[in-house]
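# Survey of secondary and tertiary structure
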Amino acid sequence: MKEIQALENINAQGNRTLLKAYSQSKERNNDLLDFNEIVREQDVRPITATLTEAGIREFTFSSRMTGAVEILAEFKKQGAEIQDIVSVKGYDGELIPAVLLKIR
């Protein structure tokens, strides 16, 4: 994943979920930002707002956590629409399924 300056300084905003997703996406060389860890419902609104502000319109969600459907529903409430099922690189470089979302 290419470096995104707007997300390089995300730690100052205190959004650890987004920071971790960005860091891991870069490490795994994914094309898009991928959320593969736990995302809390209360984090969805600030994540979506930050991505919108940074001009990021597409991202993936590959988390296998319990409650993932509820988190996807919350992303939808915040303006992110499910586009497709794609593959992203996981922990060991293996391809895993992910939901592609696009922010309106």
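Look up a bit, the structure's there.
Description of the structure in this document. Just so it is clear, the structure is predicted and the values come from calculations on it, not from any experiment.

Conventions used here
- Residue numbers run consecutively from 1 along every chain, following the written order of its sequence.
- Per-residue local features of the predicted model are confined to residues with pLDDT of at least 70, and side-chain atom pairs are confined, for both listing and counting, to 80 or more; whole-chain, interface and lining totals are unaffected and use all residues.
- Computation of side-chain values: all heavy atoms of the structure, hydrogens and water removed.
- The secondary structure listing takes helices from DSSP runs of H or I that are at least 4 residues long and strands from runs of E that are at least 2 residues long, numbered from the N terminus.
- To get the radius of gyration, use the C-alpha atoms; to get the globule rule, take the number of residues to the power 0.38 and multiply by 2.2 Å.
- Salt bridge, as applied in this entry: a Lys or Arg side-chain nitrogen positioned within 4 Å of an Asp or Glu carboxyl oxygen.
- Accessibility here uses a 1.4 Å probe with only protein chains present; expressed as a share of the type maximum, an area under 20% marks a residue as buried, one over 50% as exposed, and anything in between as partly exposed.

With that settled, the discussion passes to the overall build of the chain. Helix and strand content of the chain: 4 helices and 4 strands. Its helices and strands taken in sequence order, the chain reads α-α-β-α-β-α-β-β from the N to the C terminus. Rg of the C-alpha trace for the chain: 12 Å, near the compact-globule value of 13 Å for 104 residues, within the 12% margin. The principal-axis extents of the C-alpha atoms in the chain amount to approximately 30 × 30 × 25 Å.

Enumeration over the complete set of coordinates arrives at 4 salt bridges. K20 serves as the salt-bridge partner of E37, at 4.0 Å between the closest nitrogen and oxygen. Of this pair, E37 sits in the loop between β1 (34-35) and α3 (41-53) while K20 sits in helix α2 (residues 16-27), placing them 17 residues apart in sequence. Of the residues examined, E37 reaches a relative accessible area of 25% and is grouped as partly exposed. With a shortest N-O distance of 3.7 Å, K77 and E74 are connected by a salt bridge. Of the two residues, K77 and E74 are both situated in helix α4 (residues 68-77); the distance of 3 residues between them amounts to about one turn of the helix.

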